[in-house]
Amino acid sequence: MSESREPPNSHSHVAVLGGRVAVTSDDNSGVMLVIPTLNEEEAIRPLLEEASSLFPRIVVVDGHSSDRTREIAQSLGATVILQEFGPGKGCGVRTAMKFFLSQAAEIMSIIDGDGTNIPKDLMPLIEAVKAGDAEIVMGSRMRRKRDPESMNWITIASNRVVSYLLSVRYGGSFTDIQTGYWMFSRKAVERLLPGLHSTRFEVELEIFAKARSCGLVLKELPVSFRGRLGRTKFSFGLRMRNLYFAFKYILSLSTPD
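*Asks:* Please clarify how the packing of helix 5 (residues 153-170) against helix 7 (residues 203-213) should be interpreted in this entry.
*Replies:* A pair of packed helices is captured by two measures, namely the crossing angle of their axes and the spacing between those axes. Orientation of helix 5 relative to helix 7, taken along the N-to-C sense of each, is 20°, at an axis distance of 10 Å. Relative to helix 7, the element helix 5 lies roughly parallel. The crossing of helix 5 and helix 7 is right-handed. Facing Val 162, Leu 166 and Tyr 170 of helix 5, the residues of helix 7 in contact are Leu 205, Phe 208, Ala 209, Arg 212 and Ser 213. Among the residues forming the contact of helix 5 with helix 7, the class breakdown is six nonpolar, one polar and one charged.

*Asks:* When you look at the side chain of Asp 62 in this model, what are you seeing that I'm missing?
*Replies:* On the secondary structure map, Asp 62 appears in strand 4 (residues 58-62). A distance of 2.7 Å separates a polar atom in the side chain of Asp 62 from a polar atom in the side chain of Thr 37. A distance of 2.6 Å separates polar atoms of two side chains, one belonging to Asp 62 and the other to Ser 65. With sequence-adjacent residues up to four places away left out, Asp 62 is seen in contact with Thr 37, Leu 38, Thr 69, Arg 70, Ile 81, Leu 82 and Gln 83.

*Asks:* Just checking my understanding: could you explain helix 4 (residues 123-130) for this structure?
*Replies:* Three- or four-residue spacings in an α-helix give side chains the same orientation, since the helix completes a turn every 3.6 residues. Listing the buried residues of helix 4 in full gives Leu 125, Ile 126, Ala 128 and Val 129. The arc that holds the buried residues of helix 4, viewed along the axis, is 160°, so those residues lie on one side. Where helix 4 is buried, its residues meet strand 3 (31-37), strand 6 (107-110), strand 7 (136-140), strand 8 (182-185) and strand 9 (218-222). Positive phi appears at Gly 132, one or two residues downstream of helix 4, with a value of about 80°.

*Asks:* Before we go on, may I ask you to explain the environment of Ser 173 in this structure?
*Replies:* Mapped onto the fold, Ser 173 is located in the loop between helix 5 and strand 8. Its relative accessible area of 68% is what places Ser 173 among the exposed residues. Taking the C-alpha atoms as reference points, Ser 173 and Lys 219, 46 residues apart in sequence, are found 9.5 Å from one another.

*Asks:* Even after reading the chapter, I still don't get the packing of helix 3 (residues 89-101) against helix 7, so can you show me in this structure?
*Replies:* The geometry of helix 3 relative to helix 7 is characterised by a closest axis approach of 9 Å and an angle of 55° between their N-to-C directions. In terms of axis orientation, helix 3 runs oblique to helix 7. Two secondary-structure elements touch here, helix 3 through Lys 89, Gly 90, Val 93 and Met 97 and helix 7 through Val 203, Glu 204 and Ile 207. Tallied by class, the residues present in the contact of helix 3 with helix 7 amount to four nonpolar, one polar and two charged.

*Asks:* Can you walk me through helix 3 in this structure?
*Replies:* With 13 residues, helix 3 ought to run about 18 Å at 1.5 Å a step, and its terminal C-alpha atoms sit 18 Å apart, in line with that. Of all 13 residues that make up helix 3, 11 are buried, and the element is covered over most of its length. Within helix 3 the residues assigned to the buried category are Lys 89, Gly 90, Cys 91, Gly 92, Val 93, Arg 94, Thr 95, Ala 96, Met 97, Phe 99 and Phe 100.

*Asks:* Hey, could you run me through the packing of aromatic side chains in this one?
*Replies:* In this description, a pair of aromatic rings is defined by centroid distance and the angle of the planes. All chains considered together, the criterion is met by three aromatic pairs. For the ring pair Tyr 170 and Phe 208, a centre distance of 6.3 Å and an interplane angle of 90° mean the geometry is edge-to-face. One end of the pair, Tyr 170, is in helix 5; the other, Phe 208, is in helix 7, with 38 residues separating them in the sequence. By relative accessible area, Phe 208 is classed as buried at 0%. Relative to Phe 184, the ring of Trp 182 lies with its centre 5.8 Å away and its plane at 10°, an arrangement referred to as stacked. Each member of the pair Trp 182 and Phe 184 is classed as buried. Through a chain of ring-to-ring contacts, three or more aromatic side chains come together here, namely Tyr 170, Phe 174 and Phe 208. Of note, Arg 94 hangs over the ring of Phe 85, and the distance from its end group to the ring centre comes to 4.4 Å.

Analysis parameters
- Residues numbered from 1 in each chain as written.
- Predicted model: local features only at pLDDT ≥ 70, side-chain atom pairs only at ≥ 80, totals over all residues.
- Heavy atoms only, no water.
- Axes fitted to C-alpha atoms, helices over the stretch in contact; angles between N-to-C directions.
- Helix = DSSP H or I, 4+ residues; strand = E, 2+ residues; numbered from the N terminus.
- Parallel < 35°, antiparallel > 145°, perpendicular 65-115°, else oblique.
- Left-handed = near helix turned anticlockwise from the far one by under 90°.
- Contact = heavy atoms within 4.5 Å.
- Nonpolar A, V, L, I, M, F, W, Y, C, P; charged D, E, K, R; others polar.
- Polar contact = N/O pair within 3.5 Å; in protein donor to acceptor, adjacent residues only side chain to side chain.
- Buried < 20%, exposed > 50% of the residue type's maximum accessible area, 1.4 Å probe, protein only.
- Arc of directions from axis to C-beta.
- Expected span 1.5 Å × (residues − 1).
- Phe/Tyr/Trp six-rings, centres within 6.5 Å; stacked < 30°, edge-to-face > 60°.
- Lys NZ or Arg CZ within 6 Å of the ring centre and 35° of its normal.

Below you can see the structure in the form of structure tokens.
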């Protein structure tokens, strides 16, 4: 369900943001930046203002927020759609992929809507896909200095262990499989979407496992990470759910369905 129309394609995109005009360059005209959200009214305005100078096509996939997230995003010129399939980030990512394939765009970028991910850090990821170096590029928060309070030691330790074990299982040497920074070629989205079933934060694990299993080329590049704005959605219960799915994919003896 779309709540606003995407502006028609043009060689540049002008948006009025907080009283100033931001004009984006032509370089990313084929890139769609997607931001899944759920009650991110505190973070969405500064994030969109930051991203607007880099991306002419920004889509907010909202998980039926009860706050002003959609209202703020629409007021800043973003395309806003409501996620399908149910609640949770996985449903938001799948909705984003479905919408992306209905549009004339060649690269889909995803970042989190809580302000932790930095839009300008996506530029090297975009260039890697454009150059044909990879069909999927992930941003590793482990390979660059992070804000001191952005990740606690439990998150860092569990992510390192899961990333190492999944790398051993599916090949490669990846350090941050549970990252929020993702870049996909159109071919990658077409290959992945029919087989994705995740509903919540385990979606990154499923994308990685299925991408490696179907022969898509993945690459990892360093990105920065900062403290979030607003309350985290990643509860203890969801962390345990993620660990369950991580070991499900690690112990899988066959290609994931």
